[in-house]
Amino acid sequence: MHPSFSVIFFTTFSGAGYGLWFWLGLLAATGQPLTRTPTLAALALGFVMVTAGLLSSTLHLGKPLRAWRAFSQWRSSWLSREGIAAVLCYVPALCLAAASHYILDARIAGALLAIFSLATVACTAMIYASLKPIPAWRHPLVLPVYLVFALFTGGLLFAAVFALSGWPVTNMAGFAVMLGAAVLWRFKRRAWRDIDSRPLPVTRNAALGLPEDRRVSVFERPHTEANYLLREMGFVLARKHSKRLRVIATTLFALVPALLALPVYLLVHVDAGPWLLAASIAALAGTLVERWLFFAEAKHLVSLYY
Amino acid sequence: MGEPLIDLQKPVGDDVKQTTCYMCACRCGINVHLQDGKVRYIEGNPAHPVNRGVLCAKGSAGIMQHYSPARLRKPMLRTGERGSGEFREIEWDEALALAAGWLAETRARDPDRLAFFTGRDQSQALTGWWAQQYGTINYAAHGGFCSVNMAAGGLYTLGGSFWEFGEPDWEHTRYLMLWGVAEDHDSNPIKLGLGQLKGRGAKVVAVNPVRTGYGAVADEWIGIRPGTDGLFAFALIHELLKADRIDLDYLVRYTNAHWLVIANPGGADDGLIARDADGAPLCWDRNTGAPGLALSADVSPVIIGEFQLADGRQARAVFHLVAERYLDPQYSPDAVAARCGIPADTIRRIARELAEAAFDNPLVLPIEWTDTHGRKHSQMTGRPVAMHAMRGISAHSNGFHTCRALHLLQLLLGAVDTPGSFRYQPPFPRPIPPANRPGKARDADGRLDAPPLGFIHGPEDLLVDENGQPRRIDHAFSWSYPLAVHGMLHTVIRNAWAGDPQPVDLLFLFMANMSWNSAMNTRETMHWLTDKREDGEYRIPRIIYSDAYSSEMVAYADLVLPDTTYLERFDAVSLLDRPISDADGAADAIRHPVLEPAAAGDGRDVRGFQSVLLELGARIGLPAMCEADGSARYRDYADYIVRHERAPGVGLLAGWRGADGNQHGKGAPNPDQLQRYIANGGFWRAEVPHAGRYFKMANRDYLDWSVGMGFIPNANPVTLQLYSETLQKFRLAAQGHGPRQPPDEHRERIATYFDPLPIWYEPFEGAQTSAVEFPLSAVTQRPPFMYHAWGSQNAWLRQIATRNFLYLHPDTAARHGLVDDDWVHVDSHHGRITVPVRLAGNMQPDTVWTWNAIGKRKGAWKLARNAPEATQGFLLNHLISDITPRGDYANADPVTGQAAWFDLRVRIEKADSSAESAPQFAAFSGHDPDSAPLRFGAPFPRKDGAP
Amino acid sequence: MTSLPVPSKVKLGLVIDLDTCVGCHACAVACKEWNAGGISGPLTDENPYGKDPFGVWFNRVHSYEVEALDAQPAMTLHFPRSCLHCETPACVSVCPTGASYKRAEDGIVLVDEDKCIGCKLCSWACPYGAREVSAVEGVMQKCTLCVDRIYNENIPEEVRQPACVQACPTRARHFGDLGDPESAVSLLVAARDGVSLMPELGYAPVNKYLPPRPRRAGAATMQPIEPVAEKLDQDSLPPLLRWLDRALSR
Ligand SMILES: Nc1nc2c(c(=O)[nH]1)N[C@H]1C(S)=C(S)[C@@H](COP(=O)(O)OP(=O)(O)OC[C@H]3O[C@@H](n4cnc5c(=O)[nH]c(N)nc54)[C@H](O)[C@@H]3O)O[C@H]1N2
Ligand SMILES: Nc1nc2c(c(=O)[nH]1)N[C@H]1C(S)=C(S)[C@@H](COP(=O)(O)OP(=O)(O)OC[C@H]3O[C@@H](n4cnc5c(=O)[nH]c(N)nc54)[C@H](O)[C@@H]3O)O[C@H]1N2
Ligand code: SF4
Ligand code: SF4
Ligand code: SF4
Ligand code: SF4
Ligand code: SF4
Ligand SMILES: [Mo]
């Protein structure tokens, strides 16, 4: 699949933003008293990331001005649901911003924010996971991966914001980061191994309605130059590039954050803020690469025809 | 929310006009739907006899052809050097005055100093007549480089031919063999027919080195080596003869199988047909034990044995010679298998299948008919085996004989114009050979005594001077190419440059892209067109060219006459030229302007070439085009179509003749004729009488009808010629007999290739080069979605293929370490090209091929200079020499002069990957096209009311 | 409308005969031509005369090589590909705007271009590559089954069928109601063992393809040609003599 930057940016940054909002919402939902500065900072950062991501995602639309129409099909369309959930998030987020002035009950707003945020990310994942023509995206780990990435990158940002604004972040945050990194590493390793080992579940013969007894190869394409299908779905990534990029991605989203989290965990008195910030940046960068690969490595069944 | 409302009742357009497609030479009927004066949709006309409603890719893309940015806009006069593409636009008055001046000057000097050659046009009934009025012998159309081997092979054997003048009996055949056919001129009828055959479960065999298109759907594909079909046919004949699976009754009734051939080695009559005092052919009559009249119904011919004629001369029946020759072991399947690349068992099996299909299940139609002897038959018994062949056979230097070999095979099976077999389309069959001979001399008015093209009956008809040297600029009808009945467009430019046999002053070309894809030896052709004498004048002093688009050839003209598109002019698809008949009916058609160039209001000012030609004729005072007072006789081509009579009652169109328009075939001109055509959907068709549908060569009902229509002079039966006496006459001349003999240098060639029975020989290029040095054959194929050079400028068609590849068999590729998209140098004895390759297993391993005419020269056709057609696409033509490797003759068939495109032999060599195909030539001057998106259809309202 | 309608009784669709298709692209260009000026036109072509011509087509014709077997040489197979008007098409259900819909009346799958936001998701959801976008127009486009022809009373009844079916020179394309087991197309599918493409994906395509019939090349080692009752010993006597006594009449 064509790795479209607007969509990669969206899933990475909005994902992190929703993760951030999730943790904030969770915190609020537990009834913990919220300190104004970090709360507002987290809300604002989440707002910027979510909104930038969403705006970026409309760049990918042919008719961005009609984007509002995308809310109508929530009964069947994950994209529609995603849109609704994404917009819904803004309500508790604003409430929470207000709640930090003690206008509303922060617990309810927090809970809703956490739920809507996770739901948005889940819907995003489901957009992909529901597409039968793209077997790599049908992998059972796609949904968990999307969620964990959001929680992980969002969590890092959340912790960084709070730490940087002087909130006492426990050293267990460092442990959580290492744990998250390990989970992601495991999940992705598994998913990648499966992509590599599983051929497309459908053969060209089946795509053409032919019996399987004779090998069929392309003689002539319907067009000698590119067309929409080839540009959008015919993206081919050389295996050696993909290997390298996977290493880079894993290093950035798992290894580097885990290493940066180590001092936070071990050195109780260290100022966690900068470490966590650095880990966040690395994780976001790694996520971008991972998302790029998510698209670039996914083969669409239409490629059987080409 | 409910479903959106969509307008399902939107009229297709606000007007519809019925005319004839000219995206190729098939000439299907089309309905052109117009909306606000623009073309909205072109569809096939369901009532039309050619396409019955279907339409090919090119036909549907006619919209883009019509609106092409490559259309010429105005007459143009060269300002830069020839070949640069620099012109200034001029007005028609100036253009016509210039052209008329040049034409008049040339005519005054010597009409033969005009070489008037037309390409893919279908108005030879006009252009040939015009040349005759002008008085030049140097006229021809494109047939010489196209498929004259098919035409001549057929007309000298059957009085009809494959090409588009005959067709398989699609309704009844059970076994169809397609020899070397990719698309052909009859492309929609063939496709309709194949669809029908597949539906009926008839067997289709494709004999072709490549398996695409029609071969893809064939039951059996025989991947033959190029140039060896004659051998394959002989092996089939050998098997059929050996097993006595031939139709002797058919042979003695309809062919010259029983005619006696004089055996007098060394004598002047050796090999001629034994005839009585009146010239009637003789046979040996079993009843009387004496010679009898071969055409009589009352003889019982003996076909084997040596007989003594009354005057003591020895003679044998044609069949005897046939059987003797082809039973020879050199033609056995085992003997030919290796050369053809077809297993001997396969050859034996095909022979058996042919025999079974023809004889074990004869097809009997309950149609009563009367033969030319007046005998009534209660039914028609057919041999449901049909063959169709085209350029895979004809574009070889042995194509004439190979074509004759296929006809011989058909005749032995009794499978010509019987139910289920090959069928003639009216006005064929015609006498063998057709009566009209080429014009030779001029009358007082400067007019040629006959049209410049015709049929040669013997050495006396050749156009040679007293020394036996060619008279025509293309050397057609000379001892080098005696039966070049379509002329030789492929030799004109070299000879005009060389002044051989004499210089020309004016080269006048129409609709032929002669500096590019229709040239052999393209590079030198460009040189000949631009070469100058010592005094700085061009060696070909003047070139006038008419095209509708900015083709490669336009850049080589001094004066360009811009033609209309096919939707803007009158044309006659005439029975005098290339009719659109089918086996059950005679048909002709017109084109008429469905759009007016001026109405577009964009300053484009173009005129139909035929009208321009008539006006030029009038301006230079050609009598047939002028009234007594010197004014133009014909207003324009439309007027000519209606009023001109070729012979009393015979004009360009056969329909609705006579003052009231109720005569068909023959009749006085009808001023309303064109209206009648338009009202009938643009065509006319007359059914062959039911009893005349088959055995047309000897069917009284058919022949009487044909005479009535004015197609043939009399209703005599046409005897099909297994043995060609015409060819033997040439051979005798070469052997030193008769008043007109070839110069010594041609004697052996004539004696060899004018064999009265079909022969096979190695195509010249292969014979004169080494198979080690050039181990591969290279051929082109017609892409179904493009027509020569016209197609690949088309915005829609070029999206299917903007570039071509050289296809290689995987075994060949492996030998050279090649994979898809590698580049290779391809070398022939003549040149080198560098091109990208693709691998394909669906082809004969020793052959390479590519689609024809996709490569373009930079700056031509208003394509961007970096268009893949120019940067990646390529032509094989750069490898194809216009002369044989030995350099003694044109790269052509020795009998007909047909260009031997497919004789090409090459070797390949891996090249470093390349950014561009080679050779490349300087880009023509001009601007790249506008790169704005094409939003065709946008102006048509999308929904009711909505914009 | 993105949710699928209750399955219609009428299931209009195409039946494409791969046994007969010669790969001529007529259907593809006729489709382009009709639809460019039809309800979902234009089918915009970017760079029409330049380096990378890039246009929207609803129907594309592929060519394949089917590998040689011992008794069969390599085959060439042509394969036209367009929307199959699936019965349970994810292209419709993924659409966030309702622009993509399946008609309740006849099952035709369409895009309402006035609603479409060009998110491309439906094209991802279609395994058959039946949907295309041009950046210029920004909306998804696809085969309309020529809905503006097949019901159009301004078009004579005999040709009131999709443009591709009308054009196909070998008549390898058939149009009709595949919901009616007695329709000509359904009977054809039954007779020729027509197949659905990738049925395992669950889209339930309405269009069917008729697979190529086995090619009858005959085994290479068949008996040689059978002579008719042979009186003659060909080895000892010249075969010509066989015809010596043949009584023939004209
Ligand atoms: N390598 C190779 N070369 C071949 C062949 C091959 O098989 N292989 N085939 C040969 C054969 S059989 C043929 S027939 C030739 C064909 O070759 P050409 O006859 O040269 O065919 P085109 O390239 O179509 O060129 C015809 C010209 O007519 C112009 N034209 C189109 N429409 C009109 C019109 O309405 N009016 C006017 N005045 N001009 C118009 C086109 O713009 C073009 O310049 O190619 C030959 N060349
Ligand atoms: N779409 C389309 N239709 C056209 C044209 C076009 O340009 N495009 N051009 C028109 C013109 S001008 C012409 S002359 C006709 C020509 O119509 P075709 O005769 O169909 O012409 P080609 O494409 O040259 O096809 C020749 C076929 O012969 C095969 N072949 C080559 N050498 C041999 C051989 O030695 N033996 C055998 N058995 N086969 C061989 C080639 O592989 C090819 O399939 O088509 C006309 N129709
Ligand atoms: S075959 Fe195609 S291009 Fe040729 S006349 Fe017919 S519709 Fe036109
Ligand atoms: S073929 Fe594709 S676009 Fe057409 S209905 Fe099926 S899934 Fe949708
Ligand atoms: S591109 Fe248009 S039709 Fe397709 S899913 Fe998006 S909104 Fe729906
Ligand atoms: S049915 Fe109409 S829209 Fe669909 S492929 Fe055929 S011509 Fe195109
Ligand atoms: S028009 Fe018919 S024969 Fe030609 S490609 Fe399409 S389906 Fe095949
Ligand atoms: Mo030709």
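Let's talk about the overall build of chain C
Turning to step 1, where the next piece is worked out: From N to C terminus, chain C includes 6 helices and 11 strands.
Turning to step 2, where the next piece is worked out: Taking 18 Å as the expected radius of gyration for a compact globule of 250 residues, we find that chain C reaches 25 Å, considerably beyond that expectation.
Turning to step 3, where the next piece is worked out: By residue count, 68% of the 250 residues in chain C fall in the buried class.
Turning to step 4, where the next piece is worked out: At a minimum sequence separation of 6, the contacts of chain C that also span at least 24 residues come to 61%.
Turning to step 5, where the next piece is worked out: Taken together, the 25 basic and 31 acidic charged side chains of chain C have centroids lying 1 Å from each other.

Describing the site of ligand 5
Turning to step 1, where the next piece is worked out: In the vicinity of ligand 5, the contacting residues are Cys 95, Pro 96, Thr 97, Ala 99, Ser 100, Cys 116, Ile 117, Gly 118, Cys 119, Lys 120, Cys 122 and Met 140 of chain C.
Turning to step 2, where the next piece is worked out: Its residues assigned to classes, the shell around ligand 5 comprises 8 nonpolar, 3 polar and 1 charged.

A closer look at the domain arrangement of chain C
Turning to step 1, where the next piece is worked out: As far as domains go, chain C holds domain 1 (12-210) and domain 2 (219-248).
Turning to step 2, where the next piece is worked out: Taking only C-alpha atoms, the centre of domain 1 of chain C and the centre of domain 2 of chain C are 56 Å apart.

Overview of the interface of chain A and chain C
Turning to step 1, where the next piece is worked out: The partner chain C presents 64 residues to the 57 residues of chain A that form the contact.
Turning to step 2, where the next piece is worked out: At the boundary of chain A with chain C, total buried surface from both sides reaches about 4800 Å², with 61% on carbon and sulfur atoms.
Turning to step 3, where the next piece is worked out: Counting the surface chain A buries against chain C, the share from its top three residues, Arg 214, Tyr 228 and Tyr 305 of chain A, is 17%.
Turning to step 4, where the next piece is worked out: Our enumeration of links across chain A and chain C arrives at 1 salt bridge.
Turning to step 5, where the next piece is worked out: Ionic pairing is found between Lys 120 of chain C and Glu 232 of chain A, a salt bridge with its closest N-O pair at 3.7 Å.
Turning to step 6, where the next piece is worked out: At the boundary of chain A and chain C, one finds 29 residue pairs in polar contact (both at pLDDT 80 or more).

Some details on empty space enclosed by the protein
Residues and elements named next belong to chain B.
Turning to step 1, where the next piece is worked out: Summed over the entire model, instances satisfying the criterion amount to 19 cavities of 30 Å³ or more.
Turning to step 2, where the next piece is worked out: Taken together, 40 residues form the lining of the largest cavity, with Arg 120, Asn 517, His 788, Ala 789 and Trp 790 sitting closest to its centre.
Turning to step 3, where the next piece is worked out: Counting only elements with at least two residues in the lining of the largest cavity, the list comes to α5 (143-146), β25 (542-547), β30 (776-781) and α25 (788-791).
Turning to step 4, where the next piece is worked out: A class-by-class count of the residues in the lining of the largest cavity yields 21 nonpolar, 13 polar and 6 charged.
Turning to step 5, where the next piece is worked out: In this structure, the second largest cavity spans a volume of roughly 430 Å³.
Turning to step 6, where the next piece is worked out: Lining the second largest cavity are 33 residues, with Gly 180, Ala 182, Glu 183, Arg 391 and Arg 782 sitting closest to its centre.
Turning to step 7, where the next piece is worked out: Mapped onto the lining of the second largest cavity, the elements with two or more residues apiece are α14 (391-394) and β30.
Turning to step 8, where the next piece is worked out: Within the lining of the second largest cavity, the residues separate by chemical class into 16 nonpolar, 10 polar and 7 charged.

Some points on helix α2 (residues 36-59) of chain A
Turning to step 1, where the next piece is worked out: A rise of 1.5 Å per residue sets the reference length of α2 of chain A, with its 24 residues, at 34 Å; its end C-alpha atoms lie 34 Å apart and thus fit the reference within 8%.
Turning to step 2, where the next piece is worked out: For α2 of chain A, the full list of buried residues reads Pro 38, Thr 39, Ala 42, Leu 43, Gly 46, Met 49, Val 50, Thr 51, Gly 53, Leu 54, Ser 56 and Ser 57 of chain A.

What to know about the pattern of salt bridges
All names here are of chain B.
Turning to step 1, where the next piece is worked out: Applying the stated rule across the entire model yields 88 salt bridges over all chains.
Turning to step 2, where the next piece is worked out: Residues Glu 306 and Arg 316 are paired through a salt bridge, measuring 4.0 Å at the closest nitrogen-oxygen approach. In this pair, Glu 306 sits in strand β16 (residues 306-308) while Arg 316 sits in strand β17 (residues 314-317), placing the two residues 10 residues apart along the sequence.
Turning to step 3, where the next piece is worked out: Two residues, Arg 348 and Asp 345, come together in a salt bridge whose shortest N-O distance is 3.3 Å. On the criterion of helical spacing, the pair formed by Arg 348 and Asp 345 is a turn pair, its members being 3 residues apart in helix α13 (residues 344-360).
Turning to step 4, where the next piece is worked out: The exposure class of Arg 348 is buried, given its relative accessible area of 17%.
Turning to step 5, where the next piece is worked out: Accessibility expressed as a relative area gives 29% for Asp 345, which makes it partly exposed.
Turning to step 6, where the next piece is worked out: Three or more residues joined by partner-sharing salt bridges are found here, namely Arg 423, Asp 582, Asp 584, Arg 685, Glu 687 and Arg 693.

Remarks on the sheet that holds strand β14 (residues 290-293) of chain B
Residue and element names in this part refer to chain B.
Turning to step 1, where the next piece is worked out: An order of β14-β13-β15 is seen for the 3 strands of this open sheet, with the pairing classed as antiparallel. The open sheet is flanked by β14 and β15 (301-302), the only strands paired with a single partner.
Turning to step 2, where the next piece is worked out: As judged from the 4 bridges shared by strand β13 (residues 282-285) and β14, these two strands associate in the antiparallel manner. For Leu 282, the partnering residue across the bridge sits in β14 and is Leu 293.

Things to note about the pairing of strand β34 (residues 847-851) of chain B
Residues and elements named next belong to chain B.
Turning to step 1, where the next piece is worked out: Of all 5 residues in β34, 5 are buried; the element is thus mostly enclosed.
Turning to step 2, where the next piece is worked out: Of the two faces of β34, the one holding Thr 847, Trp 849 and Trp 851 and the one holding Val 848 and Thr 850 are both buried throughout.
Turning to step 3, where the next piece is worked out: Here 5 bridges tie β30 to β34, and the two strands are oriented parallel to one another. Paired with Ser 777 across the bridge in β34 is Thr 847.

Details of the side chain of Ser 63 of chain C
Turning to step 1, where the next piece is worked out: Assignment of secondary structure puts Ser 63 of chain C in strand β4 (residues 60-66).
Turning to step 2, where the next piece is worked out: At 3.2 Å, the side chain of Ser 63 of chain C forms a polar contact with the side chain of His 78 of chain C.
Turning to step 3, where the next piece is worked out: Excluding anything up to four places from it in sequence, Ser 63 of chain C contacts Val 218, Phe 219 and Glu 220 of chain A together with Leu 77 and His 78 of chain C.

Topic: the layout of surface pockets
Residue and element names in this part refer to chain B.
Turning to step 1, where the next piece is worked out: Roughly 1300 Å³ of volume is contained in the largest pocket.
Turning to step 2, where the next piece is worked out: Of all the secondary-structure elements, those providing two or more residues to the lining of the largest pocket are α4 (124-134) and α6 (148-155).
Turning to step 3, where the next piece is worked out: In terms of residue count, α4 provides more of the lining of the largest pocket than any other element does, 5 residues in total.
Turning to step 4, where the next piece is worked out: Looking at the lining of the largest pocket residue by residue, the classes come out as 31 nonpolar, 11 polar and 6 charged.

Observations concerning the site of ligand 6
All names here are of chain C.
Turning to step 1, where the next piece is worked out: Close to ligand 6 lie Cys 31, Asn 35, Phe 58, Asn 59, Ser 82, Cys 143, Thr 144, Leu 145, Cys 146, Pro 162, Ala 163 and Cys 164, which account for all nearby residues.
Turning to step 2, where the next piece is worked out: Every element with two or more residues in the shell around ligand 6 is listed here: α1 (26-36) and α5 (163-167).
Turning to step 3, where the next piece is worked out: Partitioned by chemical class, the residues of the shell around ligand 6 number 8 nonpolar, 4 polar and no charged.

A closer look at the interface of chain B and chain C
Turning to step 1, where the next piece is worked out: Between chain B and chain C, the residue contacts involve 117 residues of the former and 96 residues of the latter.
Turning to step 2, where the next piece is worked out: Both faces combined, the contact of chain B with chain C buries some 8800 Å², and carbon together with sulfur accounts for 55% of it.
Turning to step 3, where the next piece is worked out: Taken together, chain B and chain C are joined by 5 salt bridges.
Turning to step 4, where the next piece is worked out: Between Asp 219 of chain B and Arg 216 of chain C there is a salt bridge whose closest N-O contact spans 2.9 Å.
Turning to step 5, where the next piece is worked out: Counting the contacts that link chain B with chain C gives 48 residue pairs in polar contact (both at pLDDT 80 or more).
Turning to step 6, where the next piece is worked out: The greatest single-element share of the side of chain B that touches chain C, amounting to 7 residues, is contributed by α13 of chain B.

Overview of a negative patch on the surface
Turning to step 1, where the next piece is worked out: A surface patch of like charges, here negative, comprises Glu 212 and Asp 213 of chain A together with Glu 67 and Glu 200 of chain C.
Turning to step 2, where the next piece is worked out: As for its position among the elements, Asp 213 of chain A is in the loop between α7 (204-208) and β1 (216-220).
Turning to step 3, where the next piece is worked out: Its relative accessible area of 56% is what places Asp 213 of chain A among the exposed residues.

A look at the nonpolar core
Turning to step 1, where the next piece is worked out: Grouped together as the largest cluster of nonpolar side chains are 457 residues, with contacts concentrated most on Trp 179 and Phe 319 of chain B.
Turning to step 2, where the next piece is worked out: For this core, the element with the highest residue contribution is helix α1 (residues 5-29) of chain A, accounting for 11 residues.
Turning to step 3, where the next piece is worked out: Counting residues domain by domain, this core receives three or more from each of domain 1 (12-210) and domain 2 (219-248) of chain C.
Turning to step 4, where the next piece is worked out: Once you skip the residues sitting within four places of it in the chain, Phe 319 of chain B turns out to touch Leu 241, Ile 246, Leu 248, Leu 251, Ala 257, Ile 303, Ile 304 and Leu 412 of chain B together with Trp 243 of chain C.
Turning to step 5, where the next piece is worked out: Leu 141, Val 148, Met 178 and Phe 253 of chain A belong to the second largest nonpolar core, which has 29 residues in total.

Calculation notes
- Residues numbered from 1 in each chain as written.
- Chains lettered and ligands numbered in written order.
- Predicted model: local features only at pLDDT ≥ 70, side-chain atom pairs only at ≥ 80, totals over all residues.
- Heavy atoms only, no water.
- Helix = DSSP H or I, 4+ residues; strand = E, 2+ residues; numbered from the N terminus.
- Rg over C-alpha atoms; globule rule 2.2 N^0.38 Å.
- Buried < 20%, exposed > 50% of the residue type's maximum accessible area, 1.4 Å probe, protein only.
- Contact = heavy atoms within 4.5 Å.
- Lys, Arg positive; Asp, Glu negative; His and termini not counted.
- Charge placed at Lys NZ, Arg CZ, Asp CG, Glu CD.
- Near = heavy atom within 4 Å.
- Nonpolar A, V, L, I, M, F, W, Y, C, P; charged D, E, K, R; others polar.
- Domains from an automatic or database assignment.
- Buried area = accessible area lost by both parts, 1.4 Å probe.
- Salt bridge = Lys/Arg side-chain N within 4 Å of Asp/Glu carboxyl O.
- Polar contact = N/O pair within 3.5 Å; in protein donor to acceptor, adjacent residues only side chain to side chain.
- 1 Å grid on protein atoms, 1.4 Å probe; cavity = no way out; pocket = protein on both sides within 12 Å on 5 of 7 lines; lining within 4 Å.
- Points joined across faces, edges and corners; volume = space filled by probe spheres on them.
- Expected span 1.5 Å × (residues − 1).
- Pairing = 2+ DSSP bridges.
- Patch = residues over 30% accessible without salt bridge, like charges linked within 9 Å, V, L, I, M, F, W, Y side chains within 5 Å.
- Areas by Shrake-Rupley, 256 points an atom, 1.4 Å probe, with all protein chains shown as cover.
- Core = buried A, V, L, I, M, F, W, Y, C linked by side-chain atoms within 4.5 Å.

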